[in-house]
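Each chain, written out:
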Amino acid sequence: MEKALELDGEYPESLRDEFNIPTFNSMGLSSDDKPVTYLCGNSLGLMPKSTRDSINAELDAWSNCAVESHFKHPEEAKGKAPWVNIDLPILPLLAPIVGAHENEVAVMNSLTANLNSLLITFYKPTEKRFKILFEKGSFPSDYYAFYNQCKIHGISEPENVFIQIEPRAGETYIRTQDILDTIEVNQDELALVCLSGVQYYTGQYFDIGRITSFAHQFPGILVGWDLAHAVGNVPLQLHDWGVDFACWCSYKYLNAGPGGIGGLFVHSKHTKSDPTKEALPRLAGWWGNDATKRFQMLEVFEPIPGALGFRQSNPSVIDTVALRSSLELFAKFNGIGEVRKRSLLLTNYMKELLEASKYYKHPLRMGKLPCFFTILTPTGTDEEHGAQLSLYFDSDIGKEDIMPNVFQYLHDHGVIGDARRPNVIRLAPAPLYNTFSDVYTAVNALNEAMDKL
Ligand SMILES: Cc1ncc(COP(=O)(O)O)c(C=O)c1O
């Protein structure tokens, strides 16, 4: 613990005090009011203290001025946006986090709805070019979206148009070169490459820039990304990388609350206004229409040039201000670059402690162990992972239930991670609120749990 405390002294800067950290008492673990060790920001980020006031301000506006708050917010003097423009102050906060121009991002819907919406625009299978490349073991929602988009296009057996890439036998993550080779081999038939920025299960951070530009060598291939586990976790350069489209949720590293409002990116190359061309067909609604004409109720759809033109409905005000509260903290921390620096320090410290555990099975360590864990996440270089490390639990002598027992012990001792049955626990120190002491406490509890097996 000494070294962890030293590191906390050396790198004191976090915004921990700006977050509500659950306690043993609040989580029903004991009557102790000390904070738990929350390493689950990859699943649900903690609540910024400012969120409650932001939401209350909107409840007050609703309560006091009702419909008129759409055009004039009662707290406009305090920087609150009228509800018709509630999402607009978010764009300058969000664009730098994903490396986009402000007109390339929109705050809307939720992740899967946005993915479906983007696929409607960007997946245009033809007789020659119809295949979709994504990961075997991608988040199932993405699989369902791809599958049903194919069905919408009349493809009776979508599996036949899927190319699902996976790690080589005996390996835990996908080699970039294997992705590039697969693109090259399928260059004439691929319509879409759509991977996740950071893989939810393994924690692998894909080389988004390299994969995108490689695929773009072959005209006709579009590249989209599911950034659920990447946004707010690693710095992104979506515009400069030439990514065609991307979508994300905001309840993980962006701390916008459960089921929070999602986001999307559409590269400006696809939305530049060109009077000679029709705007891209899309799932449309009045909120994507020219804002100056929106309330004229005309039967003419003239989409706002840029990502805002992909919005369909007026956004949930409460969800939107919750996101704004959290993004203001990213700005207060001097942006995603600084967040990432602290993130690497925390995660690399966690890796060091895990690798020093007597239960860590190094690929070269010989001998049978009654119980052990390995790290699935690639950690050879910083560029291969984000905050999360995924731990795989097993036994050389056929012992079962190792992961559930370890997970239960961690939980009972106030270490909150998340389990992916049957064998994996994911731990993710979130740089805005986690400390080196949190990391130490978690790994120490993990070792204790395994001592008890
Ligand atoms: C990688 C990934 N994709 C998609 C989803 C689905 O998100 P939503 O329920 O917001 O559509 C999740 C949810 O955790 C996810 O982790």
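Here, every reference points to the structure presented above.
Now for a quick tour of the structure. Since the structure is predicted, the reported quantities are computational estimates derived from the model, not experimental observations.

1. Describing the sheet that holds strand β10 (residues 263-266)
Ordered in space as β4-β10-β9-β8-β7-β5-β6, the 7 strands form an open sheet in which the pairing is mixed. Looking along the sheet, the strands with just one partner apiece sit at the ends: β4 (105-107) and β6 (162-165). Taking the axes of each pair of neighbouring strands and ignoring which way they run, one obtains an average angle of 15° across the sheet. As paired elements, strand β7 (residues 190-196) and strand β8 (residues 222-226) share 5 bridges and run parallel to each other. If you follow Cys-194 over to β8, its bridge partner there is Gly-224. In the packing of helix α3 (residues 91-98) onto the sheet, contacts are made with β4 and β9 (245-248), and the angle to β4 comes to roughly 125°. The strands that helix α5 (residues 140-152) touches are β5 (131-135), β6, β7 and β8; relative to β6, the one it contacts most, it runs at about 165°.

2. What to know about the environment of His-229
With respect to the element layout, His-229 can be found in the loop between β8 and α8 (238-241). Classification of His-229 as buried rests on a relative accessible area of 4%. Separated by 28 residues in sequence, His-229 and Tyr-201 have C-alpha atoms that sit 9.9 Å apart. The residues touching His-229, leaving out its near neighbours within four places in the chain, are Asn-42, Val-198, Tyr-200, Lys-252, Tyr-253, Gln-388 and Arg-426.

3. Some words on the packing of aromatic side chains
Inspection of the entire model under this criterion finds 19 aromatic pairs. Ring geometry for Phe-19 and Tyr-433: centres 4.9 Å apart, planes at 55°, overall tilted. On the criterion of sequence distance, the pair formed by Phe-19 in strand β1 (residues 19-20) and Tyr-433 in the loop between β15 (424-427) and α12 (436-451) is long-range, its members being 414 residues apart. A ring pair is formed by Phe-139 and Tyr-200, whose centres lie 5.1 Å apart and whose planes are at 80°; its orientation type is edge-to-face. With a gap of 61 residues between them, Phe-139 in the loop between β5 and α5 and Tyr-200 in the loop between β7 and α7 (208-216) connect regions that are remote in the sequence. In textbook terms, an aromatic cluster arises when at least three aromatic residues are bridged by ring pairs, as seen for Phe-134, Tyr-143, Tyr-144, Phe-146, Tyr-147 and Phe-162. For Lys-34, the ring lying beneath its charged end belongs to Phe-24, and the centroid distance is 4.9 Å. One Lys or Arg, Arg-294, reaches over the ring of Trp-287 and ends 4.1 Å from the middle of that ring.

Rules and cut-offs
- Residues numbered from 1 in each chain as written.
- Predicted model: local features only at pLDDT ≥ 70, side-chain atom pairs only at ≥ 80, totals over all residues.
- Heavy atoms only, no water.
- Pairing = 2+ DSSP bridges.
- Helix = DSSP H or I, 4+ residues; strand = E, 2+ residues; numbered from the N terminus.
- Axes fitted to C-alpha atoms, helices over the stretch in contact; angles between N-to-C directions.
- Contact = heavy atoms within 4.5 Å.
- Buried < 20%, exposed > 50% of the residue type's maximum accessible area, 1.4 Å probe, protein only.
- Phe/Tyr/Trp six-rings, centres within 6.5 Å; stacked < 30°, edge-to-face > 60°.
- Lys NZ or Arg CZ within 6 Å of the ring centre and 35° of its normal.

The values reported here are purely geometric and, on their own, carry no functional implication.
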